[in-house]
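Results of the structural survey
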Amino acid sequence: MLDRPHPTPAAPSTDPFALAKALSGVHFIGGAYVPARSGKTFAVVNPATGAEVARAAEGDADDVDAAVQNAAKAQKDWAKVPARKRGALVHQCAQLLKEHVDELGRLIALETGKALRTESRVEANVVADVFEFFGGLGSELKGESVPFAPNVLSVTVREPLGVVGAIIPWNVPMLLMALKVAPALVAGNSVVVKSAEEAPLAVLRICEIMNRILPPGVFNMVSGFGPECGAPLVTHPLVRKVTFTGSVETGKIVARAAAEKLIPVTLELGGKSPMIVFADCDFDKTVSGALTSMRFTRQGQSCTAASRIYVERPIFDRFVKAMTDAVNGMVMGDPLDEKTDIGTIVSEGQLEKVRAYIAEGTATPGATAHVCSAMPTDPALRKGLFIQPVIFTGLTKDSRLVREEIFGPVTVIQPFDDPEAVLAEANDSDYGLAASLWTNNLKVGLDLAHRLEAGLVQINQNLVVQANLSYGGVKSSGLGKEASLEAMLEHFTHKKTIMVNMA
């Protein structure tokens, strides 16, 4: 196998276009860049211009097998490294990643269309924080003493699972990769990541950066499409754990494949997150929070986006106007321009899906589509996948726009009169990932928070995923938790009981 040890610069790059080209055509396996064994590649497109910026290696079962075999071999020695030392190495990776924050932000903006200032650079900073957080948890991989019998020493120990297969999406690929890779590595596992075909570059660069510190084979990266590359990773006999973020439909396929092998699986599968606004809220703070909650700067491409907002009737009209005015003030444009608030949808297919929902909502009798912001006027962006955010009013609770995950800059605002009725509507969903409540009456807020069917409920804020806060959904939003010590212990280790008869 031909490898390419140093096709990318060691120092942070200020030119995302040059870096994208340098990352073309390779996986990262066993501590080195390697091309796909078939020699195949596929296009990576800048969604702001439609131009091809790189070619990614098109992986298949042979590439996956090479990555997993390398990972399995490396894991045996990695597991013998003391846990605190593993954590220290991951912490060193975090410090190195901090030097590359601006580079990674520019690269992810180039391949996903997310605005650099409002989204991409923020994500790069959070990635380093996640590795730093988990790097400090090595000493928490401890067991228990069990009082079984006076003459028997009985203890439990935490042991790694082996090779972890991680499949990540395109919307926040660096962060979601970090949430899987960091705890897996500190716990003593090795990892093979299958990147999203729309966004393979920044995560590949992170893998290479971290491999300057980690032993070869501990962290590997392959790119390709789901059936040809993702499926062989899930079904590989040496993969002992799968962690997946993506659609419900694909998540079910992953779960069935994992069940055939009787291996554990973590699934984060999306949401239709409600935001409930009471008339006694801090109005300006809540409007600002709604902009953040809906993730407009990410074009609504977020599992936790507040895509259904319920507003108490006395402030409903005022709230809709304030929201519309605020989104109208946001600038849509080149994702790499520091002035840009809103970038592009990630792909043609996703753009058409969002347009179809908007068309359906607009054609609904009684509905009003508040189309916000303005399309960019730069001729260089005429082929870009831009779409104006839309705030809908007048839709009923049985509308597809209220019930289905759109994954675009589209939200529905509905009035309510009764807290119990709005709670029932919020819970009337197949999803249960996140929710938020906005009120100055904490008694009401806490009561509803306990009864909302969601894995993460926030009152008077709606932060994105943060290290040290358990994150994961219920119902069709998935299985398992991420981002916390609990996630590392419960999802990346197994508990072994050891007994010594001293009689």
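Please refer to the structure placed before this passage.
Reading the values: the criteria
Residues numbered from 1 in each chain as written. Predicted model: local features only at pLDDT ≥ 70, side-chain atom pairs only at ≥ 80, totals over all residues. Heavy atoms only, no water. Buried < 20%, exposed > 50% of the residue type's maximum accessible area, 1.4 Å probe, protein only. Helix = DSSP H or I, 4+ residues; strand = E, 2+ residues; numbered from the N terminus. Pairing = 2+ DSSP bridges. Right-handed = clockwise from strand over helix to strand, strands pointing away. Contact = heavy atoms within 4.5 Å. Polar contact = N/O pair within 3.5 Å; in protein donor to acceptor, adjacent residues only side chain to side chain. Axes fitted to C-alpha atoms, helices over the stretch in contact; angles between N-to-C directions. Patch = residues over 30% accessible without salt bridge, like charges linked within 9 Å, V, L, I, M, F, W, Y side chains within 5 Å. Areas by Shrake-Rupley, 256 points an atom, 1.4 Å probe, with all protein chains shown as cover. Salt bridge = Lys/Arg side-chain N within 4 Å of Asp/Glu carboxyl O.

**A few points about the pairing of strand β9 (residues 219-222)**
The two faces of β9 match: Phe-219 and Met-221 on one face and Asn-220 and Val-222 on the other face are all buried. Sheet analysis places strand β8 (residues 190-194) next to β9, joined by four bridges and oriented parallel. Along β9, the bridge assignment pairs Val-191 with Phe-219. In this view, the connection linking β8 to its parallel neighbour β9 by way of helix α7 (residues 201-210) has right-handed handedness.

**Observations regarding the environment of Ile-213**
Residue position: Ile-213 is located in the loop between α7 and β9. Exposure remark for Ile-213: the relative accessible area of 22% places this residue in the partly exposed category. In this structure the C-alpha to C-alpha distance between Ile-213 and Val-239, which are 26 residues apart in sequence, comes to 23 Å. Ignoring anything within four residues of it in the chain, the contact list for Ile-213 reads Leu-89, Gln-92, Cys-93 and Leu-96.

**Notes on the side chain of Thr-439**
Positionally, Thr-439 belongs in the loop between β17 (434-438) and α15 (442-451). Thr-439 sits in the buried class, given a relative accessible area of 1%. Of note is the side chain of Thr-439, whose polar atom sits 3.0 Å from the backbone nitrogen of Asn-441. Not counting residues up to four positions away in its chain, the partners in contact with Thr-439 are Phe-278, Asp-280, Cys-281, Gly-445 and Asn-460.

**Regarding the sheet that holds strand β16 (residues 410-416)**
With mixed pairing, the seven strands of this open sheet are ordered in space as β14-β15-β16-β13-β12-β17-β18. The sheet is open, and its two edges are formed by β14 (368-371) and β18 (456-459), each paired on a single side. Each neighbouring strand pair of the sheet contributes to a mean axis angle of 20 degrees, computed without reference to strand direction. Two elements, β17 and β18, share four bridges in a ladder whose sense is parallel. For Ala-434, the partnering residue across the bridge sits in β18 and is Leu-456. Those strands touched by helix α11 (residues 316-328) are β12 (274-277), β13 (308-312), β14, β15 (390-393) and β16, and its axis lies near 165 degrees from that of β16. Running at roughly 30 degrees to β15, helix α12 (residues 348-362) makes contact with β14, β15 and β16 of the sheet.

**Overview of the environment of Val-422**
Mapped onto the secondary structure, Val-422 falls in helix α14 (residues 419-427). Sequence separation between Val-422 and Met-221 is 201 residues, and the spatial gap between their C-alpha atoms is 45 Å. With near-sequence residues (within four places) excluded, Val-422 lies in contact with Ile-276, Tyr-310 and Phe-416.

**Remarks on a nonpolar patch on the surface**
Side chains of Leu-153, Ile-498, Val-500 and Met-502 sit close together on the surface and give an oily, nonpolar patch of about 330 Å² of accessible area. Residue Ile-498 is classed as partly exposed on the basis of its relative accessible area, which comes to 36%.

**Regarding the pattern of salt bridges**
In this structure the tally under the stated criterion is 26 salt bridges. Here Lys-180 ties to Glu-482 by a salt bridge, and the two come within 2.8 Å at their closest N and O atoms. Remark: Glu-482 occurs in the loop between β19 (478-479) and α16 (485-492) and Lys-180 occurs in helix α6 (residues 173-186); sequence separation between them is 302 residues. Each member of the pair, Lys-180 as well as Glu-482, is classed as buried. Note that Glu-404 is salt-bridged to Arg-400, the shortest N-O span being 2.9 Å. Exposure remark for Glu-404: the relative accessible area of 28% places this residue in the partly exposed category. Linked through salt bridges whose partners overlap, the residues forming this network are Asp-102, Arg-106, Arg-121 and Glu-338.

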